[in-house]
Number of protein chains: 2
Amino acid sequence: MTKSSASTEAVDDYLKAILELSGPADARVTSNALAAHLSIRAASVTGMLQKLAALETPFVLYEKHRGVRLSPAGRRRALEVIRHHRLLERFLHDVLDYPWDEVHEEAERLEHYISERLEDRIAARLGHPGHDPHGHPIPAKNGAVAERTEVELSRWPCGVPGTISSVSDRDPAALREMKRLGLVPGTSVLIEPGARTGSVLVRVAGQTPTRLAPEIAAGVLIGEGS
Amino acid sequence: MTKSSASTEAVDDYLKAILELSGPADARVTSNALAAHLSIRAASVTGMLQKLAALETPFVLYEKHRGVRLSPAGRRRALEVIRHHRLLERFLHDVLDYPWDEVHEEAERLEHYISERLEDRIAARLGHPGHDPHGHPIPAKNGAVAERTEVELSRWPCGVPGTISSVSDRDPAALREMKRLGLVPGTSVLIEPGARTGSVLVRVAGQTPTRLAPEIAAGVLIGEGS
DNA sequence: CGCTTGATTTAGTCATGCCTAAATTTGCAG
DNA sequence: CTGCAAATTTAGGCATGACTAAATCAAGCG
Ligand SMILES: [Mn+2]
Ligand SMILES: [Mn+2]
Ligand SMILES: [Mn+2]
Ligand SMILES: [Mn+2]
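Quick caveat, the model's predicted, so the values are computed rather than measured.

Could you give an account of the overall build of chain A, with specific residues and numbers?
For chain A, the helix and strand inventory stands at eight helices and eight strands. Radius of gyration (C-alpha) of chain A: 19 Å, near the 17 Å computed for a compact globule of 226 residues. Considered along the principal axes of its C-alpha atoms, chain A spans approximately 65 × 40 × 30 Å. A burial count over chain A gives 45% of its 226 residues as buried. Within chain A, residue pairs in contact and separated by at least 24 positions form 59% of the contacts whose partners lie at least 6 positions apart. A total accessible area of about 11,400 Å² is found for chain A, and carbon and sulfur atoms account for 53% of it. In chain A, which carries 28 positive and 30 negative side-chain charges, the distance between the mean positions of the two groups comes to 3 Å.

Laid out in structure tokens, this is it:
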């Protein structure tokens, strides 16, 4: 007879992963993709998906062998957790002086445990920010997200000025390197001629051009239509 | 063969409860007392105590039918969690404008999930405070606690001036009432003659005397030797 | 259209923690 | 000293979530 109640950390993480992997088109996500993303065995993923689909108010729509999609309730919860995560990152960075490469890990844990009350207090204290320190949009309380089209710096056309909209927050070392080079959201960049396999020659904020390693360039996103 | 690793929320709560119930004399705590304090069945408590005692590095010393005491490792962890709790209360109150009757619930959950790093940042941001908003001492990183002898206001002698050292933080309604009456740590009080069953006639900070309900008076503690 | 193969699900376990019901032990009163 | 009542432990279960090994399904290939 399933159960109602709130979500656990494990459930939250599945919902976030499904939202991230399903992309803007809301495509179905396979068990295998989730298993890889969450570092959990595919067999365990199947079990969890069946449970999430069998809830009184299901969090996912599941057809065996064809992957899952979020239900409205699942999407709502996923966005709430992402809101917690990004508000926490902004807060740790702005109020507690965390360096931007350390906020992710702390937020990843706390996002599941802060109350609505604390979420609101943090948002108010920060002046209801629109983005986290890495440039990712913070969903509004109603779930609205300011979506943008973004292109990897490594694929941005040569000679066209662009502005960094966000950077990947998964690799602390890469983040430190980006900060050192001035590759932060809001900075304007220009790709110089002289491409070599994967690497990119970029002029950051009008400075002398620098050559970026492929891993770095892949983690920097340029906003289209700025 | 047991397990090593970190502690869970359940384990943390047991350790805190044992520390609180064993008092300054470090007396043995019974399963029943823990069951009542934690709102868990005595049978479940026994199971957990056996596990905590069987750990590679035991958190408790357990003799069946005779109660438990904390091991050095157990005491260390309990004090760390209490430090987290009180720092969080201070932080929520001072930095995020939480009213003092709402900090406890939020801290009770978060205390198990903040990293050492966040603990340190919060302490630094607050200037390494010695007490939480209710006047309870914040253990130092090394576990040192500034112990004081305290007496319930309801048992404080008539006519002897005293200073409020702390108040119980368990009952939000009582805390709101205390705040309204000015019964906060640091305030001086004087018991006036005119005792009735349980209630107390008290002069707060030199104001006109007020009569306190027994539940309120029992939650206000006066420091001895101030 | 069958086959092989990789993806996915099922079956059977395990650890954590809590619960109820049924022993057991303790300690105190008579 | 006995016995009883209260405290405590044991036994047996359940829910969550993850894992391994063993099916089973789905697709593309010949
Ligand atoms: Mn998480
Ligand atoms: Mn981020
Ligand atoms: Mn707790
Ligand atoms: Mn407190």
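Don't stop here, the text continues.
Any chance you could break down the coordination of the manganese ion (ligand 2) for me, citing the residues and the numbers?
Residues and elements named next belong to chain A. Protein coordination of the manganese ion (ligand 2) is provided by E89 (OE), D132 (OD), H134 (ND1) and D169 (OD), with donor distances spanning 2.2 to 2.4 Å. Read N to C, the donor residues that coordinate the manganese ion (ligand 2) are spaced as E-x42-D-x1-H-x34-D. Here the residue E89 occupies a position in helix α4 (residues 72–94), and H134 occupies one in the loop between α6 (116–126) and β3 (150–152), the gap between them amounting to 45 residues. Taking the relative accessible area as the measure of exposure, E89 reaches 0% and is therefore buried.

I'd like to hear about the side chain of S165 of chain B, residue by residue, with values.
All names here are of chain B. Tracing the sequence through the fold places S165 in strand β4 (residues 162–167). There is a polar contact of 2.6 Å between the side chain of S165 and the side chain of E150. Setting aside residues up to four positions removed in sequence, S165 forms contacts with H134, G135, R148, E150, P185, L221, I222 and G223.

So what's going on with the coordination of the manganese ion (ligand 1)? Which residues, and what values?
Residue and element names in this part refer to chain A. Within the protein, D13 (OD), E108 (O), E108 (OE) and H112 (NE2) serve as the donor atoms for the manganese ion (ligand 1), at 2.2 to 2.7 Å. All donors of the manganese ion (ligand 1) come from a single chain, and their spacing in sequence reads D-x94-E-x3-H. On the criterion of sequence distance, the pair formed by D13 in helix α1 (residues 9–22) and E108 in helix α5 (residues 103–110) is long-range, its members being 95 residues apart. D13 sits in the buried class, given a relative accessible area of 19%.

Please provide a residue-by-residue account of the interface of chain B and chain A, values included.
Opposite the 19 residues of chain B that make contact, chain A presents 19 residues. For the pairing of chain B and chain A, the buried interface totals around 1,700 Å² over both sides, and the portion due to carbon and sulfur atoms is 58%. Considering only the surface of chain B that becomes buried against chain A, L96, Y113 and R121 of chain B emerge as the three largest contributors, covering 32% of it. For the interface between chain B and chain A, the tally reads two salt bridges. When residues of the side of chain B that touches chain A are assigned to their parent elements, the largest contribution, five residues, is made by helix α6 (residues 116–126) of chain B.

I'd like a rundown of the relation of the copies chain B and chain A, residues and numbers included.
With an RMSD of 0.1 Å, the fit of chain B onto chain A corresponds to turning through 180° and sliding 0.0 Å along the axis. A rotation of that kind, with that shift, is consistent with a two-fold axis. Same-surface contact between copies: 100% of interface residues of chain B are shared with the interface of chain A.

Can you explain the protein's contact with DNA strand D? Please cite residues and give values.
With respect to spatial proximity, 20 residues lie near DNA strand D, and among them T8 and K51 of chain A together with T46, Q50 and Y62 of chain B are the closest. In DNA strand D, atoms within 4 Å of the protein come from the sugar-phosphate backbone in 81% of cases. Residue R41 of chain A places a main-chain N or O atom 3.0 Å away from a phosphate oxygen belonging to DNA strand D. Interatomic distance of 2.7 Å between a side-chain N/O atom of S31 of chain B and a phosphate oxygen of DNA strand D. Going through the elements one at a time, α1 and α3 (42–54) of chain A together with α2 (31–38) and α3 (42–54) of chain B are the ones with two or more residues in the surface near DNA strand D. Of the residues belonging to the surface near DNA strand D, the class tally is eight nonpolar, nine polar and three charged.

Give me the lowdown on the pattern of salt bridges, citing residues and values where you can.
Close approach of charged atoms lets side chains of opposite charge pair. All names here are of chain A. Counting across every chain of the model gives 40 salt bridges over all chains. The salt bridge partner of D12 is R77, with a shortest N-O separation of 2.8 Å. Of the two residues, D12 sits in helix α1 while R77 sits in helix α4, which places them 65 residues apart along the sequence. A residue is classified by how much of its surface remains accessible, and D12, at 1% relative accessible area, is buried. Linking E20 and R170 is a salt bridge whose minimum nitrogen-to-oxygen distance equals 3.6 Å. Taken together, the residues span a long stretch of sequence, with E20 in helix α1 and R170 in the loop between β4 (162–167) and α7 (172–181) at a distance of 150 residues. Within the structure, one salt-bridge network assembled from shared partners comprises R83, E116, E119, D120 and K141.

Lay out the domain arrangement of chain A with the relevant residues and their values.
Residue and element names in this part refer to chain A. Domain annotation for chain A reports domain 1 (3–70), domain 2 (79–147) and domain 3 (150–223). Centre-to-centre separation of domain 2 and domain 3, based on C-alpha positions: 25 Å. Counting residues at the interface gives nine residues for domain 2 and 13 residues for domain 3. For the pairing of domain 2 and domain 3, the buried interface totals around 890 Å² over both sides, and the portion due to carbon and sulfur atoms is 59%. Sorting the residues of domain 2 by area buried against domain 3 places W100, D101 and H134 first, and these three jointly supply 63% of that buried surface. At the boundary of domain 2 with domain 3, the tally comes to one salt bridge. Of the charged contacts, one joins D101 and R176 as a salt bridge, the two residues approaching to 2.7 Å between their closest N and O atoms. Linking domain 2 with domain 3 are five residue pairs in polar contact (both at pLDDT 80 or more).

I'd like to hear about the side chain of S31 of chain B, residue by residue, with values.
Residue and element names in this part refer to chain B. As for its position among the elements, S31 is in helix α2. Its relative accessible area of 19% is what places S31 among the buried residues. Here S31 is in contact with V45, T46 and L49, once residues within four sequence places are set aside.

Cut-offs used in this document
- Residues numbered from 1 in each chain as written.
- Chains lettered and ligands numbered in written order.
- Predicted model: local features only at pLDDT ≥ 70, side-chain atom pairs only at ≥ 80, totals over all residues.
- Heavy atoms only, no water.
- Helix = DSSP H or I, 4+ residues; strand = E, 2+ residues; numbered from the N terminus.
- Rg over C-alpha atoms; globule rule 2.2 N^0.38 Å.
- Buried < 20%, exposed > 50% of the residue type's maximum accessible area, 1.4 Å probe, protein only.
- Contact = heavy atoms within 4.5 Å.
- Areas by Shrake-Rupley, 256 points an atom, 1.4 Å probe, with all protein chains shown as cover.
- Lys, Arg positive; Asp, Glu negative; His and termini not counted.
- Charge placed at Lys NZ, Arg CZ, Asp CG, Glu CD.
- Donors = N, O, S within 2.8 Å, 3.2 Å for Na, K, Ca; no water.
- Polar contact = N/O pair within 3.5 Å; in protein donor to acceptor, adjacent residues only side chain to side chain.
- Buried area = accessible area lost by both parts, 1.4 Å probe.
- Salt bridge = Lys/Arg side-chain N within 4 Å of Asp/Glu carboxyl O.
- Least-squares fit on C-alpha atoms with pLDDT ≥ 70 in both.
- Near = heavy atom within 4 Å.
- Nonpolar A, V, L, I, M, F, W, Y, C, P; charged D, E, K, R; others polar.
- Domains from an automatic or database assignment.

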